[in-house]
Amino acid sequence: MEQTGREKTLYATMRALPGHEETLAAMLRDLARDVRAEPGCLRFVVYRLASDPAAFHVEETYRDQAAFEAHIGMDHGRRFNAAIRTMVEGGASNVVFLDLVA
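Summary of the structure given here. In this text, all values refer to a predicted model and were calculated from it rather than measured experimentally.

1. Description of helix α3 (residues 75-83)
One full turn of an α-helix is made of 3.6 residues, so residues set three or four places apart face in the same direction. What α3 keeps buried is the set H76, G77 and F80. What you see down the axis of α3 is that its buried residues fit within an arc of 100°, all on one side. In this fold, the buried residues of α3 make contact with β1 (8-15) and α1 (21-36).

Okay, structure coming up:
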């Protein structure tokens, strides 16, 4: 998918604490369903590292900054972030924003 300068793209990583791997995977599947239903979501894909089943990688693209802001205000995202505080290293995902090069 080609990305225009207006789209907002990021990835998030998180590592489940011991014993929380499958619960986090299930929660991420539910979150993916809810986020993909948002009108401004263009891409929301969840991966589990092949070499480390406790590590997760989420790729996200939103139509524009406004769509991203609407996304971060959604109840399902707030509930997910609150729930993972005691399930992942550092209490939250690590988010990296991207700018398209080519």
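So much for the structure itself; the text now carries on.
2. Comments concerning the packing of aromatic side chains
Going through the model one piece at a time under the given rule, you end up with two aromatic pairs. Pairwise contacts between aromatic rings join Y62, F68 and F97 into one cluster. Against the face of F68 rests K8, its NZ or CZ located 5.7 Å from the ring centre.

3. Focus: the nonpolar core
Membership of the largest hydrophobic core comes to 22 residues, with the highest contact counts inside it found for M14, L24, L28, F44, Y62 and F80. Taken together, the elements giving at least two residues each to this core come down to β1, α1, β2 (41-49), β3 (52-62) and α2 (65-72). With seven residues, the top contributor of residues to this core is α1. With sequence-adjacent residues up to four places away left out, F44 is seen in contact with L31, A32, V35, R36, V58, E59, E60 and Y62.

Cut-offs applied
- Residues numbered from 1 in each chain as written.
- Predicted model: local features only at pLDDT ≥ 70, side-chain atom pairs only at ≥ 80, totals over all residues.
- Heavy atoms only, no water.
- Buried < 20%, exposed > 50% of the residue type's maximum accessible area, 1.4 Å probe, protein only.
- Helix = DSSP H or I, 4+ residues; strand = E, 2+ residues; numbered from the N terminus.
- Arc of directions from axis to C-beta.
- Contact = heavy atoms within 4.5 Å.
- Phe/Tyr/Trp six-rings, centres within 6.5 Å; stacked < 30°, edge-to-face > 60°.
- Lys NZ or Arg CZ within 6 Å of the ring centre and 35° of its normal.
- Core = buried A, V, L, I, M, F, W, Y, C linked by side-chain atoms within 4.5 Å.

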